[in-house]
Amino acid sequence: MHLLNADLHCHSTASDGSLSPAALAQRAHEGGVQLWSLTDHDEIAGQGEARAAAEALGIAYVSGVEISVSFAGETVHILGFGFDPDEPALVAGLANLRAGRITRAQEMGESLAKAGIPGAYEGALALAPNPELVSRTHFARFLVEHGHCGSVHEVFGRFLKEGKPGFVPHRWAGLGEALRWVHGAGGVTAIAHPARYRFTPTVEFALFSEFQAHGGRGVEVTCGSHFPDEVARYADMALEFDLLASRGSDFHAPDESRVPLGTLPDLPGKVEPLWSVWADTLSGRHPPRAGQPGALAADTAVS
């Protein structure tokens, strides 16, 4: 199970990715992904297309979402998997989050205009296929396209973060609230890219403790933004808090993402993979990858 090529974190045009769910499924297939989930920000509109495309390509699929949560004055992202995308409380909760994003985006545009960059909201909106999900990524792409920065990476050094033009805080869902939406829809939850949060060890301990107390099951250990020492650290945190370990590239766009779909390192062997909760479904469907310890020979692999 550790050697299953799972990629449980990426984004499509339904939120702030540049590719459609079907195009992402094709990239996942080309990258050798065996278990995949589309996890758009506060949006599940792409789930039907993602599942259909994945199944047509022979990729096991679990429903996914990345929910924005406020914790200790910071925005934290919670991944949800394997839920019923038609569950009313989940659908309504995510709709409320998206409504709040529109007001925030307008205020971001006003902030950038005061800094001498007019038209940013309208420009970001034009780059967002889903107008309910105009995000910092769309503003960043606008700033690059109009020559204000040379890259998206440069944008986030000069704009759109606390103390810089374009930053607007937002009150997202509460941690327990978001977890109830997913768990009530039959899903499981994981903390996304924990190394990205600017928490002291004490606050981080509080986050993991509260997450576990609300029934959270996992933490993203191997991901596109984690360096090897951070992978090791959060593998230890998974063991300390009895959490399952997830793996995901956080892929957004071919020219922006550090890690292509399906190319992440394997999870550390000492953790239990999050996808073990679907072991009965996956058993026998996907062998370990060819060339990996324990892999089946290509001519004997189970399809």
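Residues numbered from 1 in each chain as written. Predicted model: local features only at pLDDT ≥ 70, side-chain atom pairs only at ≥ 80, totals over all residues. Heavy atoms only, no water.

Trainee: Please explain the sheet that holds strand β6 (residues 173-174) as it appears in this structure.
Mentor: Pairing between the strands of a sheet comes from backbone hydrogen bonds, and it takes one of two forms, parallel or antiparallel. Strand order in the open sheet formed by six strands is β6-β4-β5-β7-β8-β9, with mixed pairing between adjacent strands. Edge positions in the sheet fall to β6 and β9 (244-248), since each of these pairs with one other strand and no more. Sheet analysis places strand β5 (residues 74-81) next to strand β7 (residues 188-191), joined by four bridges and oriented antiparallel. For Leu79, the partnering residue across the bridge sits in β7 and is Ala190. Set on the sheet, helix α3 (residues 88-114) makes contact with β4 (64-71) and β6; between it and β4 the angle comes to about 65°. On the sheet, helix α8 (residues 201-213) packs against β4, β5, β7 and β8 (218-223) and is oriented at approximately 175° with respect to β7. (Pairing = 2+ DSSP bridges. Helix = DSSP H or I, 4+ residues; strand = E, 2+ residues; numbered from the N terminus. Contact = heavy atoms within 4.5 Å. Axes fitted to C-alpha atoms, helices over the stretch in contact; angles between N-to-C directions.)

Trainee: Sorry, what's going on with the packing of aromatic side chains here?
Mentor: For any two aromatic rings, the description comes down to two numbers: the centre-to-centre distance and the angle of the planes. Overall, the coordinates contain seven aromatic pairs when judged by the stated rule. Ring centres of Phe71 and Phe199 lie 6.1 Å apart, and the angle between their planes is 75°; this geometry places the pair in the edge-to-face category. Taken together, the residues Phe71 in strand β4 and Phe199 in the loop between β7 and α8 connect sequence positions 128 residues apart. The residues Phe71 and Phe199 share a single accessibility class, namely buried. Summarising the aromatic geometry, the rings of Phe81 and Trp278 are spaced 6.4 Å apart at their centres and angled 85° between planes, so their arrangement reads as edge-to-face. Linking Phe81 in strand β5 with Trp278 in the loop between β9 and α10 (279-282), this pair joins segments that are 197 residues apart in sequence. Across the pair, exposure class does not vary: Phe81 and Trp278 are buried alike. By the ring-pair criterion, three or more aromatic residues cluster together here, those being Phe205, Phe208, Tyr234 and Phe241. The ring of Tyr234 has Arg233 sitting right over it, with the charged end atom 5.1 Å from the ring centre. It is Arg258 that lies over the ring of Phe227; its NZ or CZ is 4.8 Å from the centre. (Phe/Tyr/Trp six-rings, centres within 6.5 Å; stacked < 30°, edge-to-face > 60°. Buried < 20%, exposed > 50% of the residue type's maximum accessible area, 1.4 Å probe, protein only. Lys NZ or Arg CZ within 6 Å of the ring centre and 35° of its normal.)

Trainee: Would you take a moment to explain unusual backbone geometry for this structure?
Mentor: Across the chain, the bulk of peptide bonds are trans and the bulk of non-glycine residues have phi less than zero. Phi angles above zero are rare outside glycine, and Asp42 is one such case at about 55°. Within the fold, Asp42 resides in the loop between β2 (35-36) and α2 (47-56). We classify Asp42 as buried; its relative accessible area is 0%. The phi dihedral of His193 is positive, around 25°, even though this residue is not glycine. Its place among the elements puts His193 in the loop between β7 and α8.

Trainee: Explain the sheet that holds strand β1 (residues 6-7) here, please?
Mentor: Read from one edge to the other, the open sheet built from three strands follows the order β1-β2-β3, with strand pairing classed as parallel. Pairing within the sheet leaves two strands with one partner each, and these edge strands are β1 and β3 (60-61). As paired elements, β2 and β3 share two bridges and run parallel to each other. Residue Leu35 lies in a different strand from β3, and its bridge partner there is Ala60.

Trainee: Help me out: how do you make sense of the pattern of salt bridges in this one?
Mentor: Taken as a whole and judged by the stated rule, the model has eleven salt bridges. A salt bridge links Glu43 to Arg98; the shortest N-O distance between them is 3.4 Å. Of this pair, Glu43 sits in the loop between β2 and α2 while Arg98 sits in helix α3; the two residues are 55 residues apart in sequence, bridging distant segments of the chain. Across the pair, Arg98 and Glu43 agree in class, each one buried. The partner of Arg196 in a salt bridge is Asp250, and the shortest N-O contact between them spans 3.3 Å. Of the two residues, Arg196 sits in the loop between β7 and α8 while Asp250 sits in the loop between β9 and α10, which places them 54 residues apart along the sequence. Classification of Asp250 as buried rests on a relative accessible area of 14%. The network of salt bridges with shared partners includes Glu43, Arg98 and Glu132. (Salt bridge = Lys/Arg side-chain N within 4 Å of Asp/Glu carboxyl O.)

Trainee: Looking at this structure, how should I read the pairing of β4?
Mentor: Of all eight residues in β4, eight are buried, a share of seventy percent or more. Burial of β4 is two-sided: the residues Gly64, Glu66, Ser68 and Ser70 facing one way and the residues Val65, Ile67, Val69 and Phe71 facing the other way are all buried. Pairing of β4 with β5, which is carried by eight bridges, proceeds in the antiparallel orientation. Residue pairing across strands places Ser68 opposite His77, the latter belonging to β5. Linkage of β4 to β5, two consecutive antiparallel strands, is achieved through a turn of two residues, within which Ala72 is found at a positive phi near 55°. Examined bridge by bridge, β4 and β6 share two bridges and lie parallel to one another. Its bridge partner lying in β6, Val69 is registered against Ala173.

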